[in-house]
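Residue strings, one per chain:
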Amino acid sequence: MNAELRPVKTAAEIGLADLFAAVRKDLPGGSSIEAIRSDAFDRFAAQGLPNSRVEAWRCTDLRRLVQDAKPLARRPDAAAKTAAGGAGAVFAGLHIRRLLIVDGAFVPELSDLAALEAGVAIRATVEALRREEMVLPFGMAGADPVAALNTALAGDGVVITVAADVVVERPIHLVFVTTGAAPAAMFTRSRLELGHGASLTLIETHEGPDHSDYQVNAALQMDVGDKASLDHIKITSEGAAALHIATLEASIGVGANYREFGFTTGGAVVRNQLFLRLAGEGTIASVHQASLLSGRQHADTTLTVDHAAAGSQSREVFKAVVDDEARAVFQGRITVQPGAQQTDARMMARALLLSDEAVASCKPELEIFADDVQCGHGTTTGALDDQLKFYLMARGIPEKEAEALLIQAFVGEVIDAVAREDLRDALSRTMHDWLKGRE
Amino acid sequence: MTALLDIRGLKAEIDGRQILNGLDLTVNKGEIHAIMGPNGAGKSTLSYVLSGKPGYEITGGEVSFNGEDLLAMDPDERAAQGLFLAFQYPLEIPGVATLTFLRTALNAQRKKRGEDELSSPDVLKRVRDLAKQLSIEPEMLKRPLNVGFSGGEKKRNETLQMALLEPKLCVLDETDSGLDIDALRVVADGVNRLRAADRSMIVITHYQRLLDYIVPDVVHVLSAGRIVKTGGKELALELEATGYAQYQSEAA
């Protein structure tokens, strides 16, 4: 145990305690769920909001960054539902199953639930909680205070199950949208259970209004069965003043193939924490992430990849384009457990700084307890290459356009990792929009 | 004769070191000028100063291009006005497909000149036709710009860009460097096809060899940042025989 004395509670910490005390009886779930919530809140309260002395949070000091606790968002009314209709537009026009989560609540009537594939089930998390299903406990993420806060306060989300050997052709898109003008907090919990040999593309987008300093704490747990195949794509384009904290926990089975793709453009403070566990023989996981930041944005990706047993492979590529006074943080830890021989793991973090005030902090780590492995990591930080820029300009390409071309080239490697062409094109358009915003 | 390029008393320095020392040069429409000189004479500096590379400070003189003040323009404006520098060492740009680059450059120039932008299929057709003439495999156009290209492929790619962009003035900076004789011939043929009554060229080279293939109208000797001698194409042969020593001592 850590005997460190906790400093005086911040306004936000006091506010969260008051909030939990006020809403705990109303949160979905019976006594067994309530016990889990209370236990989780106690764990949060013992640690408080993480500050820079907590290693996993050293670059994202929530004690400083979170000023206050917001009230829980109300379940969306008719106006909120109308406002939410156009969300997730980045993938508009594609043959995708849209599921809307508005102000933290799953809205079936706005969701595309018709003609569900055989073996696919979609439910609201709130229903699962009311039936006392154990959807809240975390595995690897359990020790994290913000994940604990999510367990304590999670109200709704989506639970998806895909039966063994079912190949779902049509991607499922979880559209998270915040609508309210009054800043609120949303705690969502979603789950995916992908059966043995099943296959799915799961997309998440998060967005909301620019003028509201709303707070999102979203968690997703994924159980990827043996020999299953999962593509997970998460786009974080929250409003300009929003706080977005996302916890992703994935347990990836033997012989399974998992491809994670993340793209962050929006939100004042964004934290994406990923906890991946690779079961062993033939498990292959890749994580490709890009952050495009400007203004005073702060985006932190903290990744833990746990190679639990012999014979698995992981690849992590993280890229950040940082303009103005923004800051990108990447912390990546690859752990190779005792006996996890023949692990093949490589991690690369690269940051492109577009202004003198932009900051990138990269901290890759390897923790290896086996002796017959191949692991490597690297990190680079730099500005746009003036020689390359001159070459493009000497061919008639104006300066901003030349920069855009070089930035696209930098981010392109990450976008190219998305397997489906239609999704890749949509992501390229998102990148172009961001670049247009710079002109 | 109309002067396309008129350089008067040009002085330029980099990192406080003076490289161009009052250089005068006039290139008329349709003429091909060769600039020869020893290493360190300022040949590449001249090409960079003309194309607007950052880092060089102009400390004197003026350059008019097509009657306009070239030195006041950004590099991309100079290109749109018809200036093309074929780089001695073309750069590799990972992640930018050659064809995307060509289309972006061509349309950026057309836009700046108030012309209609060309559609992707139109650009592709033009590029394919030119690539064929220069023995460039269509597959190469899909690859990232110059990445993994051999020396010869890079120079052919430069020539392709030049042909596509149809400049008024081509500045060829040591185009022969790093080329074997076969590659040199392909590139020179490509350049010769671009010779036209309204297109001028400045061929910068250390060796006379290139001028067997790209025959100049005028040959200049550049030494210590100034043109120290001007003559016809026979001057190049003379230099090949005698070397640059006499000019270096003159300049000193």
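Residues numbered from 1 in each chain as written. Chains lettered and ligands numbered in written order. Predicted model: local features only at pLDDT ≥ 70, side-chain atom pairs only at ≥ 80, totals over all residues. Heavy atoms only, no water.

1. Quick look at unusual backbone geometry
Unusually for a residue other than glycine, Gln342 of chain A sits at a positive phi of about 55°. Turning to its location among the elements, Gln342 of chain A is positioned in the loop between strand E16 (327-336) and strand E17 (344-353). Not every positive phi belongs to a glycine, and Glu174 of chain B is a case in point at roughly 45°. By relative accessible area, which is 11% here, Glu174 of chain B ends up buried. (Helix = DSSP H or I, 4+ residues; strand = E, 2+ residues; numbered from the N terminus. Buried < 20%, exposed > 50% of the residue type's maximum accessible area, 1.4 Å probe, protein only.)

2. Details of the domain arrangement of chain A
All names here are of chain A. Split into domains, chain A comes out as domain 1 (11-280) and domain 2 (385-438). Inter-centroid distance (C-alpha atoms) of domain 1 to domain 2 is 30 Å. With 14 residues of domain 1 in contact, the opposing surface of domain 2 contributes 14 residues. For the pair domain 1 and domain 2, the summed buried surface comes to about 1100 Å²; carbon and sulfur atoms form 78% of the total. The tally of links between domain 1 and domain 2 comes to 0 salt bridges. The interface formed by domain 1 and domain 2 contains 1 residue pair in polar contact (both at pLDDT 80 or more). Those elements that place two or more of their residues in the side of domain 1 that touches domain 2 are strand E7 (199-207), strand E9 (229-237) and strand E11 (257-266). (Domains from an automatic or database assignment. Contact = heavy atoms within 4.5 Å. Buried area = accessible area lost by both parts, 1.4 Å probe. Salt bridge = Lys/Arg side-chain N within 4 Å of Asp/Glu carboxyl O. Polar contact = N/O pair within 3.5 Å; in protein donor to acceptor, adjacent residues only side chain to side chain.)

3. Things to note about the nonpolar core
In terms of nonpolar packing, the biggest core is built from 118 residues, with Phe263 and Val411 of chain A together with Ile202 of chain B touching the most fellow members. In terms of residue count, helix H8 (residues 399-415) of chain A provides more of this core than any other element does, 10 residues in total. Listed in part, the 56 residues of the second largest apolar core include Val168, Leu230, Ala320 and Leu353 of chain A. (Core = buried A, V, L, I, M, F, W, Y, C linked by side-chain atoms within 4.5 Å.)

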